[in-house]
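# Coordinate analysis (summary)
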Protein chains: 2
Amino acid sequence: MSSQPEHPALLMPGPTEFDDAVLQSMSHHSESHIGPDFLATFGETLTQIRKLFQSTDPAAQPFVISGSGTLGWDLVSANLVEAGENALVLSTGYFGEGFADCLSTYGANVTRIDGPIGGRPQLPEIEAALSDKKYKILTVTHVDTSTGVLSDLKSLTAMVRKVSPETLVIVDGVCSVGCEELAFDEWGLDGVVSAGQKAIGCPPGLSISFFSGRAMQVFDSRKTPPSSYFGSLKKWRPIMQNYENRKPSYFATPSPQLIHALHTALTQILARPLAERFQKHAEVSDKVKEAVRELGLEIVATKPEDQAHALTAFYLPEGVAISDILPKLENRKVIFAGGLHKAIASKCIRFGHMGVSALDPNRNHIDHGLQSLRAALAECGYQKPRTRDS
Amino acid sequence: MSSQPEHPALLMPGPTEFDDAVLQSMSHHSESHIGPDFLATFGETLTQIRKLFQSTDPAAQPFVISGSGTLGWDLVSANLVEAGENALVLSTGYFGEGFADCLSTYGANVTRIDGPIGGRPQLPEIEAALSDKKYKILTVTHVDTSTGVLSDLKSLTAMVRKVSPETLVIVDGVCSVGCEELAFDEWGLDGVVSAGQKAIGCPPGLSISFFSGRAMQVFDSRKTPPSSYFGSLKKWRPIMQNYENRKPSYFATPSPQLIHALHTALTQILARPLAERFQKHAEVSDKVKEAVRELGLEIVATKPEDQAHALTAFYLPEGVAISDILPKLENRKVIFAGGLHKAIASKCIRFGHMGVSALDPNRNHIDHGLQSLRAALAECGYQKPRTRDS
């Protein structure tokens, strides 16, 4: 099925498992980062990013920069908000807290609205905050990898446009882009920061972001220069525009190998309708969540409409420790992730179901993951509670 | 000779050509970034970095972070100097100017001493500046890729220690680490920022840096928090220490594939004495420079002691345009780089001779590069001037 050596199925919420062709692209021979071949590859990749975001706004700007997904927070915090300006952060877990921390580092006045553990802030509360003072930006985590909570970007953005039309709506889409519905133009988003190593299916090392024409205008109207150097959109915008126009230019050396891998991954993604990809991820997610509930376990994201399709975070039963079950899963050649959000880190594990693991039935990752989960829980002495029908 | 598909020899001053085993490591199957296998690989890699810098100071700290080499400037500027403090930048080309620009972005008061084109600032001038006011840090580009000028770190650091012992000496070693002699502890350096894609021979995408125990103490005595989030040494130090101690932790997802490639490259480098590696690069550099002079061409770095061994930047003859000769070279399957430093960009080309291209005689890159250069010049109508003896 795969030309990769046998190894445990990596079913963490990122990095995910990668397609063979994507991994082979990582070994691309060395080439000039400003030569015509690579200009074409990188240029096409940037145009593919537009399609991935279902955007046709020519003023919107894609950025692909060497770095971790975390770098996306710096891009937003050092460019789209100035020191002393207000930022409203909607938090649904660890990554909302991190985004707030990053915004504060660059001097924004941050107000954070935390959802309850396993839930998300509700519109009336957000609307009240927006009515209270003027916010330059609002940030929201589309899927928080620490809780598996999904945010409803469409309703949120519609409300913000009504209540505070000038506020930029910026999305952390690290764990959503490539598996959750995301209609950038249609929903009126101003920015999404993401990374390659989750549902996009490209090895880690790239910060991938997309900003609306409106966000770039707000950037252009800054009174102070960007407060990061490597993360300066002023430095990177001409470079990205030049690559998309096949013109050589230099700010910092890109990684041709990672860009080739991303190009391969995006070519695969865009070869099929995006709606089909989102639907398949939803079906796999439903299957995993049903199996988890069937085991008598509780999903961290409490309401069905708040449950992400990228991963399932669920609480371990009383008496089963993470340090017990993860090695038993690994013995069965499955790697899940432990908890990350400090409030629940010791109590939950996370089953990622993105990219090839969700889409390639030949890999059998999902069934193998669920079977291994049942077996490992039994090995830990867990018996599922009897239901009324049994 | 190589399992890579046939392609032009990439003889730019980075990215360089890569070893087959290094490129194969880039295709490593996906694995957990906090699992025991990757903890061991990354931990070993960090320990290898210490050896690469010939350092035995346990308080010194290596950092390997997803990003371009440029990110190293942010690490220095946002962590080792605070807004309003003085930084002295010694510039030998484009990259000195960039470092100064980055320091200013984070609020340092920058004084720049520029060498003449093709030369470097001299010790008396630097000493006078250091006597004039107190500088928190001094930065110097070991090899400026835009000019091929080499700095003399040993004499410089000895002078700084005498005149201004508290000033941190920070080196931009992007184009020197792995091919130029660099004795971190012995010379008393406080920091080197580098990247993988030049003489280290790892594909681009990693910022590699090393700071002395003293630099980390200065960092710890900051009055203000680090002014970058993704580039915060406060965030990264515990992560690097945990990897070196094989303990899982998380700040931002590293790139296991790039780390595997770096590990392979460093294992190859450290399998032989470093002195031998530096010597071989010097021999290849001497050969290239002799051939260039033999052609009647002028090397940008005027004095022999200022000439880097990583690359040779040289002026094209009157009447030969970069846009003429580079395609003719590429027809012969050789890629050189055009100019980069604005003062000479249209007049010089750059021949990189690092890593496998310098060390693996089977690749025949150096002779092929020189033969192609002679042929392309002839094709452009250039005839070398007669010497007295001919």
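Residues numbered from 1 in each chain as written. Chains lettered and ligands numbered in written order. Predicted model: local features only at pLDDT ≥ 70, side-chain atom pairs only at ≥ 80, totals over all residues. Heavy atoms only, no water.

## Side note on the sheet that holds strand E2 (residues 61–66) of chain A
Residue and element names in this part refer to chain A. If you walk across this open sheet you meet the 7 strands as E2-E10-E9-E8-E5-E3-E4, and the pairing is mixed. Looking at which strands have only one partner, the edges of the open sheet turn out to be E2 and strand E4 (109–114). Along the sheet, successive strands turn relative to each other by an average axial angle of 15 degrees, direction set aside. The pairing of E2 with strand E10 (residues 206–211) spans 6 bridges and is antiparallel. Its bridge partner lying in E10, Gln61 is registered against Phe211. Contacts from helix H4 (residues 94–105) reach strand E3 (86–91), E4, strand E5 (137–141) and strand E8 (168–172) within the one sheet, and its direction differs from that of E3 by about 165 degrees. (Pairing = 2+ DSSP bridges. Helix = DSSP H or I, 4+ residues; strand = E, 2+ residues; numbered from the N terminus. Axes fitted to C-alpha atoms, helices over the stretch in contact; angles between N-to-C directions. Contact = heavy atoms within 4.5 Å.)

## As for the pattern of salt bridges
Evaluation of the coordinates by the stated rule reveals 36 salt bridges over all chains. With a closest N to O distance of 2.6 Å, Asp190 of chain A and Arg161 of chain A form a salt bridge. Here Arg161 of chain A lies in helix H6 (residues 153–163) and Asp190 of chain A lies in the loop between helix H7 (184–187) and strand E9 (191–195), a separation of 29 residues in the sequence. Residue class for Asp190 of chain A comes out buried when judged on its relative accessible area of 1%. Between Glu379 of chain B and Arg332 of chain B there is a salt bridge, with its nearest N and O atoms 2.8 Å apart. Of this pair, Glu379 of chain B sits in helix H14 (residues 365–379) while Arg332 of chain B is found in the loop between helix H12 (322–331) and strand E12 (334–335), placing the two residues 47 residues apart along the sequence. Overall, the relative accessible area of 32% leaves Arg332 of chain B in the partly exposed class. Counted as one network, the salt bridges with shared partners bring together Glu17, Asp20, Asp360 and Arg363 of chain A. (Salt bridge = Lys/Arg side-chain N within 4 Å of Asp/Glu carboxyl O. Buried < 20%, exposed > 50% of the residue type's maximum accessible area, 1.4 Å probe, protein only.)

## Topic: the packing of aromatic side chains
Summed over the entire model, instances satisfying the criterion amount to 34 aromatic pairs over all chains. Judged by centre distance (6.0 Å) and plane angle (50 degrees), the rings of Tyr94 of chain A and Tyr250 of chain B are tilted. Note that Tyr94 of chain A is positioned in helix H4 and Tyr250 of chain B in the loop between helix H9 (233–244) and helix H10 (256–270), a pairing that runs across two chains. For the pair Phe42 of chain B and Tyr243 of chain B, a centre-to-centre distance of 4.4 Å together with 40 degrees between the ring planes defines the contact as tilted. Separated by 201 residues along the polypeptide, Phe42 of chain B in helix H2 (residues 36–52) and Tyr243 of chain B in helix H9 bring together distant segments of the chain. Looking at Tyr243 of chain B, the relative accessible area reads 2%, which means it is buried. (Phe/Tyr/Trp six-rings, centres within 6.5 Å; stacked < 30°, edge-to-face > 60°.)

## Let's talk about the interface of chain B and chain A
Contact with chain B, which involves 56 residues of that partner, is made by 56 residues of chain A. By the criterion of area lost to chain A, the three top residues of chain B are His29, Ser30 and Tyr229 of chain B, representing 16% of everything that side buries. On inspection of chain B and its partner chain A, the count reaches 2 salt bridges. Lys235 of chain B is paired through a salt bridge with Asp101 of chain A; the nearest N and O atoms lie 2.7 Å apart. Taken together, the links from chain B to chain A amount to 19 residue pairs in polar contact (both at pLDDT 80 or more). (Buried area = accessible area lost by both parts, 1.4 Å probe. Polar contact = N/O pair within 3.5 Å; in protein donor to acceptor, adjacent residues only side chain to side chain.)

## Here we look at the UniProt feature "domain: Aminotransferase class V" (unreviewed entry) in chain A
The UniProt entry lists residues 26–343 of chain A under the feature "domain: Aminotransferase class V" (unreviewed entry), expressed in the numbering used here. Secondary structure content for residues 26–343 of chain A is 41% helix and 16% strand, while the C-alpha to C-alpha distance between its ends is 38 Å. (UniProt positions renumbered as here; feature names shortened; annotations may be inferred.)

## What to know about the side chain of Asp20 of chain B
When you line up the elements, Asp20 of chain B lands in helix H1 (residues 20–25). Here the side chain of Asp20 of chain B touches Gln4 of chain B through a polar contact of 2.7 Å, side chain to side chain.

## So, the relation of the copies chain B and chain A
Once chain B has been moved 0.0 Å along the axis and rotated by 180 degrees, it coincides with chain A to within an RMSD of 0.0 Å. Taken together, the rotation and translation describe the operation of a two-fold axis. Closest approach to the rotation axis among the C-alpha atoms of chain B is made by Gly67 of chain B, whose C-alpha sits 2.1 Å away. When you check the interface residues of chain B against chain A, 100% turn up at the interface there too, and the contact is symmetric in its surfaces. (Least-squares fit on C-alpha atoms with pLDDT ≥ 70 in both.)

## Structural notes on the UniProt feature "binding site: substrate" (unreviewed entry) in chain A
Residues and elements named next belong to chain A. Mapped onto the present numbering, the UniProt feature "binding site: substrate" (unreviewed entry) falls at Arg350. Assignment of secondary structure puts Arg350 in strand E13 (residues 348–352). Look at Arg350 and you get buried, because its relative accessible area is 7%. When near neighbours in sequence (up to four residues on either side) are disregarded, Arg350 contacts Leu11, Pro13, Thr145, Ser146, Leu311, Thr312, Ala313, Phe336, Ala337, Gly338, Gly339 and Leu340.

## Concerning the nonpolar core
Leu138 of chain A together with Leu138 of chain B are the most contacted members of the largest nonpolar core, which has 166 residues in total. With near-sequence residues (within four places) excluded, Leu138 of chain B lies in contact with Leu88, Leu90, Ile126, Leu130, Leu156, Val160, Thr167, Leu168, Val169 and Ile170 of chain B. (Core = buried A, V, L, I, M, F, W, Y, C linked by side-chain atoms within 4.5 Å.)

## Quick word on unusual backbone geometry
Backbone phi values are negative for most residues with the exception of glycine, while trans is the configuration of most peptide bonds. All names here are of chain A. Between Gly14 and Pro15 the backbone carries a cis peptide bond, its omega angle lying at -5 degrees. Considering the arrangement of structural elements, one finds Pro15 in the loop between strand E1 (9–10) and helix H1 (20–25). Located in the positive-phi region is Arg246, a residue other than glycine, with phi close to 60 degrees. Take Arg246: its relative accessible area is 36%, and that puts it in the partly exposed class. Although it is not a glycine, Asn364 adopts a positive phi angle of roughly 55 degrees. Residue classification places Asn364 among the partly exposed positions, given a relative accessible area of 37%.

## Here we look at helix H11 (residues 274–294) of chain B
All names here are of chain B. With 21 residues, H11 ought to run about 30 Å at 1.5 Å a step, and its terminal C-alpha atoms sit 30 Å apart, in line with that. Taken residue by residue, H11 has Leu274, Arg277, Phe278, His281, Ala282, Val284, Ser285, Val288, Lys289, Ala291 and Val292 as its buried positions. Packing partners of the buried residues in H11 comprise H2, H10, strand E11 (311–315), strand E13 (348–352), helix H13 (356–359) and H14. Within two residues after H11, Gly296 carries a phi angle of roughly 85 degrees, on the positive side. (Expected span 1.5 Å × (residues − 1).)

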